[in-house]
Amino acid sequence: MNNLEIARFTSYGVGVEIRSNDSALLAEALDVAKDALLGKLRTTRSTKIDQYFELSSDDRRGIYTLDRNNGDYVAPGPSKRGLLSFFNSMVRVSVAEAAHKYVFLHAGVVGWRGKAIVLPANSFKGKSTLVKALVEMGAEYYSDDFAILDRTGAVHPFARPISLRAADSDFTPYEVTVAEIGGRIGVAPLPLGMLFLTSYAARARWNPRILSNGEGILATLPFAIAIKKRPELCLRVLKLATDRAIIASSSRGDVNGCAKKLLDFFDKHAD
């Protein structure tokens, strides 16, 4: 496509280029990227780019298109709002996949007594609901989306609004801020204190089992966003992070009862 306008930035060490044939659309996409990455980006003129996005508008056909990495993923549609919403998710995942200085886990994170409690889980497993309950009990909010570990194994905050789903037939998504629930947001990187693998199951009993480091790492690796592209980095960072951490697993039922039991479990087993 001719006459493309370009914006470039870096985020978590990843170079990103956004291109568009529509200057207004490009500006909106850049604003979306800033929101998606919580402002953790810096505009750059560097040509070292890891991820490319092209957002185009075709007024004649009424179609908007998102193209990632020159045909790697193409998503056309009639809605600009839908396109930008999809780009919001895609740019976060793309940075997580391409990062070479950090390992991103799909996980919730809270801070408790100066250490991070990381809760790896997929969507629809109650991760955000548990994070919210922990924050309401006094834990610091770090993330309900990504646990971001640097090369030393320290866990960094990624404090987006907590994303929840209503208990209706459509599981309608909505967000709450930490301020709305009277919580606190953590700002400093924390050493990993506990890696806890859990998911909601009806009538499940709380029965935590301590895992070995090897068991915990193997169970956590599938939640690493870059596991297919950078398996060695993911494994090395998880080994460092879990060296002195508690690693455990349990199914859970009621979220509020589980949140208290989880914090009590940590207090009992922490150094």
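Since the structure is predicted, the reported quantities are computational estimates derived from the model, not experimental observations.

> Just to check I follow, could you spell out the overall build of the protein for this structure?
Broken down by element type, the protein carries 6 helices and 17 strands. Since a compact globule built from 271 residues should have a radius of gyration of about 18 Å, the 20 Å found for the protein is in line with a globular shape. With the C-alpha coordinates of the protein rotated into their principal frame, the extents come out at 65 × 40 × 30 Å. Looking at the 271 residues of the protein, the share that counts as buried comes to 49%. For the protein, the accessible surface area stands at approximately 13500 Å², while carbon and sulfur atoms represent 49% of it. Here the protein holds 36 positive side-chain charges and 29 negative ones, and the gap between their average locations is 6 Å.

> What should I look at first to understand the packing of helix H3 (residues 127-136) against helix H6 (residues 255-269) in this one?
A pair of packed helices can be characterised by two numbers: the angle between their axes and the separation between those axes. At a closest axis distance of 9 Å, the pairing of H3 and H6 adopts a crossing angle of 65°. Where H3 crosses over H6, the two elements pack in a sense that is right-handed. Contact with H3, carried on its side by Thr 129, Leu 130, Ala 133 and Leu 134, involves Val 255, Asn 256, Cys 258, Ala 259, Leu 262 and Leu 263 of H6 and no other residues of that element. Of the residues belonging to the contact of H3 with H6, the class tally is 8 nonpolar, 2 polar and no charged.

> What am I meant to see in the pairing of strand E6 (residues 73-77) here?
Note on strand geometry: in a regular strand, side chains alternate between the two faces of the sheet. Here strand E5 (residues 63-68) pairs with E6 via 5 bridges, running antiparallel. Note that in E6 the partner of Leu 66 across the bridge is Ala 75. What sits between E5 and E6 in their antiparallel hairpin is a turn of 4 residues, with Asn 69 showing a positive phi close to 55°.

Cut-offs applied
Residues numbered from 1 in each chain as written. Predicted model: local features only at pLDDT ≥ 70, side-chain atom pairs only at ≥ 80, totals over all residues. Heavy atoms only, no water. Helix = DSSP H or I, 4+ residues; strand = E, 2+ residues; numbered from the N terminus. Rg over C-alpha atoms; globule rule 2.2 N^0.38 Å. Buried < 20%, exposed > 50% of the residue type's maximum accessible area, 1.4 Å probe, protein only. Areas by Shrake-Rupley, 256 points an atom, 1.4 Å probe, with all protein chains shown as cover. Lys, Arg positive; Asp, Glu negative; His and termini not counted. Charge placed at Lys NZ, Arg CZ, Asp CG, Glu CD. Axes fitted to C-alpha atoms, helices over the stretch in contact; angles between N-to-C directions. Left-handed = near helix turned anticlockwise from the far one by under 90°. Contact = heavy atoms within 4.5 Å. Nonpolar A, V, L, I, M, F, W, Y, C, P; charged D, E, K, R; others polar. Pairing = 2+ DSSP bridges.

Worth remembering: the numbers are spatial, not functional.
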